[in-house]
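Geometric and topological summary
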Amino acid sequence: MALDTQTSIAVIGAGAMGSGIAQVAAQAGHRVYLHDQREGAAQNGRDGVARQLQRRVDKGKMEQQDLDAIIGRIQPVASLDEVADAGLVIEAIIEDLEIKRQLLANLEELCSGDTILATNTSSISVTALGAGMKKPERLVGMHFFNPAPLMALVEVVMGLATSKAVAETVHATATAWGKKPVYATSTPGFIVNRVARPFYAESLRLLQEQATDAATLDALIRESGQFRMGAFELTDLIGHDVNYAVTNSVFNSYYQDPRFLPSLIQKDLVEAGRLGRKTGQGFYPYGEEAEKPEPQTEPEHRRDETVVIVEGNPGASAPLVQRLKKSGLTIVERDGPGQLRFGDAVLALTDGRMATERAAANGTSNLVLFDLAFDYSKASRLALAPADQSSDAAVSCACALLQKAGIAVSLIADRPGLVVMRTVATLANEAADAALHGVATVADIDLAMKAGLNYPDGPLSWSDRLGAGHVFNVLTNIQNSYAEDRYRPALLLRKNAFAQKGFYS
């Protein structure tokens, strides 16, 4: 059962995150104590909330009386003693194990034995934080995402000793506050910071392998994958010092598992002080006169052909065939291995192998692979990767085919899994591993990635939409190409592939 609005909430730490959490609780109707050991910080935090809400009032999105009521419920307090009667205390202070432990020890002495103590930590083990407490069962993770008033996700993280009743109360309270809470066990990165690592890692690796440039990779992730931002835009926004530190933390916490290997490119940016937006330079330049690079886009390829031969079942790319048909092209269907023929070109959805390798294995000349799209009927850009054996005429035909359907084409170097398929497959792989290890349920993992990072779909739901065994086969082929443990398919993906079932079957 959720905490009643008559229950006072305390937030320790009045920075951007702490003030945001205080705003969320106050908007839900609670009296909120806001404390920070820095003199004047709690009042500044309250004033910052007032300024943010005043903008909503000025735009006609909030009534002044509602703003006044919310701010009136936030009470800056100078002494920690003043939070003693709170029913829930959420700490949002510096990410330091010993400093947090000392605070929690002080709160145990000050507060009632029934007071729930919550930590907003994003990287420290809740189990480790609770180890020094007299009653570790009262401690739970309540990990908000920044900015807390806008982001829907709250990870409710259970340490080894966390009471189930405490976790359920916090989960219900977060729901009452208008959030989308998910349960997670206290493992490195919890759900989001663990499962999201491949989103950054694969774009960084493709850039290092010179598949194409950063602007093109970002454009493909956005325009084909329908993610809100590409990896380079997002890490520039987060700050490379922060993102690189989280990657290192997860990498080291998992005993240097190669799945979480940090990027040398990002290391160079951090060492050069090019941290992204906050320093005016990251992967992209920032400032009044800065011009963001444009993605590489193929010029128009004119071809007179109007017939597309569909050989076999196109599988996940079936909506692309329908789009080609709607664009006025004639579709001829016949048996075959699941590929398209247009003029000199043979086009196929990537299966994780390089086009050059696949062309040699299948004896297919003029093979050009295309990338995954979240929705082929709406995708505005696709990546194409030609095999080394393909002629210039075949590449031109492949480009022309997509352009006839109104799709911008970015030619990239022949790399395993291309861009979106490789990213989605590795995200699904990490999600499947997290589910296998009981970090969270399949549904909560998908919800966390959508609510916490605005993914267009949860990675496990997306895996199911591609068809039983599809992601497993893609990962197996990528792993074979690199001969690296980094791409080993999760056991649950393997099991589902052989059972021919999905995560939601």
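Here's what I pulled together on the structure shown here. Everything numeric here is computed off the predicted structure, so don't read it as measured data.

Reading the values: the criteria
- Residues numbered from 1 in each chain as written.
- Predicted model: local features only at pLDDT ≥ 70, side-chain atom pairs only at ≥ 80, totals over all residues.
- Heavy atoms only, no water.
- Helix = DSSP H or I, 4+ residues; strand = E, 2+ residues; numbered from the N terminus.
- Buried < 20%, exposed > 50% of the residue type's maximum accessible area, 1.4 Å probe, protein only.
- Contact = heavy atoms within 4.5 Å.
- Areas by Shrake-Rupley, 256 points an atom, 1.4 Å probe, with all protein chains shown as cover.
- Lys, Arg positive; Asp, Glu negative; His and termini not counted.
- Charge placed at Lys NZ, Arg CZ, Asp CG, Glu CD.
- Polar contact = N/O pair within 3.5 Å; in protein donor to acceptor, adjacent residues only side chain to side chain.
- Pairing = 2+ DSSP bridges.
- Right-handed = clockwise from strand over helix to strand, strands pointing away.
- Axes fitted to C-alpha atoms, helices over the stretch in contact; angles between N-to-C directions.
- Phe/Tyr/Trp six-rings, centres within 6.5 Å; stacked < 30°, edge-to-face > 60°.
- Lys NZ or Arg CZ within 6 Å of the ring centre and 35° of its normal.
- Parallel < 35°, antiparallel > 145°, perpendicular 65-115°, else oblique.
- Nonpolar A, V, L, I, M, F, W, Y, C, P; charged D, E, K, R; others polar.
- Expected span 1.5 Å × (residues − 1).
- Left-handed = near helix turned anticlockwise from the far one by under 90°.

1. Looking at the overall build of the protein
Assigned secondary structure in the protein consists of 20 helices and 15 strands. Across its three principal axes, the protein shows a C-alpha extent of roughly 80 × 50 × 40 Å. With 505 residues in all, the protein has 54% of them scored as buried. Residue pairs at least 24 apart in sequence account for 68% of intrachain contacts in the protein once pairs closer than 6 positions are excluded. Summed over all atoms, the accessible surface of the protein reaches about 21200 Å², with 49% contributed by carbon and sulfur. The averaged location of the 59 negative side-chain charges in the protein is 3 Å from the averaged location of its 49 positive side-chain charges.

2. Description of the side chain of Thr 426
Along the chain, Thr 426 turns up in helix H16 (residues 420-436). Side-chain polar atoms of Thr 426 contact the backbone oxygen of Arg 422, separated by 2.8 Å. Contacts of Thr 426, omitting those with residues within four sequence positions, involve Pro 198, Glu 202, Leu 475 and Tyr 487.

3. Comments concerning the pairing of strand E7 (residues 153-158)
Burial analysis of E7 places five of its six residues in the buried class, which makes it a mostly covered element. Relative to E7, strand E6 (residues 139-144) runs antiparallel, the two sharing four bridges. The residue of E7 that forms the bridge with Gly 141 is Val 157. Of the pairings in the sheet, the one linking E7 to strand E8 (residues 180-185) comprises six bridges and is parallel in character. Residue pairing for E8: Met 158 is matched across the bridge by Thr 185. A crossover connection joins E7 to the parallel E8 through helix H6 (residues 164-176); in handedness this β-α-β unit is right-handed.

4. Some points on the sheet that holds strand E9 (residues 307-311)
The strand order E10-E9-E11-E12-E13-E14-E15 describes an open sheet built from seven strands, whose pairing is mixed. Since the sheet does not close on itself, it has two edges, and those belong to strand E10 (330-334) and strand E15 (408-411), each with one partner. Across this sheet, the average inter-strand angle for adjacent strands is 30 degrees, counted without regard to direction. With respect to the sheet, helix H9 (residues 214-223) is in contact with strand E14 (381-386) and E15, its orientation differing from that of E14 by roughly 125 degrees.

5. Observations concerning the packing of aromatic side chains
Scanning all chains against the criterion turns up eleven aromatic pairs. By way of ring pairs, the aromatic residues Phe 199, Tyr 200, Phe 227, Phe 374, Tyr 455 and Trp 462 are connected into one cluster. Taking NZ or CZ as reference, Arg 205 lies 4.2 Å from the ring centre of Tyr 482, over its face. The aromatic ring of Tyr 284 is capped on one face by Lys 292, whose charged end is 4.9 Å from the ring centroid.

6. A word on the sheet that holds E6
One open sheet accounts for eight strands, arranged E3-E2-E1-E4-E5-E6-E7-E8; its pairing is mixed. With partners counted over all chains shown, the strands left at the sheet margins are strand E3 (74-77) and E8, one partner each. Within the sheet, the average angular offset between the axes of one strand and its neighbour, ignoring direction, is 25 degrees. Relative to the sheet, helix H1 (residues 16-27) contacts strand E1 (9-12), strand E2 (32-35), E3, strand E4 (88-91) and E6, its axis offset from that of E2 by approximately 170 degrees.

7. So, the side chain of Glu 233
Considering the arrangement of structural elements, one finds Glu 233 in helix H10 (residues 231-238). Residues within four places of Glu 233 in sequence aside, it is in contact with Asp 218, Arg 222, Tyr 284 and Lys 292.

8. Re the packing of H10 against helix H11 (residues 240-253)
Axis separation between H10 and H11 bottoms out at 6 Å; the angle between their running directions is 105 degrees. Overall, the two elements H10 and H11 adopt an arrangement that is roughly perpendicular. Side by side, H10 and H11 meet where Thr 235, Asp 236 and Ile 238 of the first sit next to His 240, Val 242 and Asn 243 of the second. Of the residues in the contact of H10 with H11, the class split is two nonpolar, three polar and one charged.

9. Here we look at unusual backbone geometry
For residues other than glycine, phi is negative in most cases, and the peptide bonds are mostly trans. Look at the link from Asn 146 to Pro 147: it is a cis peptide, with omega at -5 degrees. Here Pro 147 is to be found in the loop between E6 and E7. Of note in the backbone geometry, Gln 226 takes a positive phi value of approximately 60 degrees without being a glycine. Along the chain, Gln 226 turns up in the loop between H9 and H10. A positive phi angle is found at Tyr 255, which is not glycine, with a value near 55 degrees. Within the element layout of this structure, Tyr 255 appears in the loop between H11 and helix H12 (264-272).

10. Concerning the pairing of E6
In terms of burial, E6 is largely enclosed, as six of its six residues are buried. On E6, burial covers both faces: Leu 139, Gly 141 and His 143 on one face and Val 140, Met 142 and Phe 144 on the other are all buried.

11. As for helix H4 (residues 97-110)
For H4, which comprises 14 residues, the first-to-last C-alpha distance of 20 Å matches the rise-based estimate of 20 Å (1.5 Å per residue) to within 8%. The inward-facing, buried residues of H4 contact E1, E4, strand E5 (116-119), helix H5 (126-130) and E6. Where H4 begins, one side-chain oxygen reaches toward the backbone nitrogen of Glu 98, 3.1 Å away; that side chain belongs to Asp 96.

12. Re the packing of helix H19 (residues 470-482) against helix H20 (residues 491-499)
Orientation of H19 relative to H20, taken along the N-to-C sense of each, is 125 degrees, at an axis distance of 8 Å. Taken together, H19 and H20 sit at an angle that is classed as oblique. For the crossing formed where H19 meets H20, the hand is left-handed. For the pair H19 and H20, the contacting residues are Val 471, Phe 472 and Leu 475 in the first and Leu 493, Arg 494, Ala 497 and Phe 498 in the second. The class makeup of the residues in the contact of H19 with H20 is six nonpolar, no polar and one charged.

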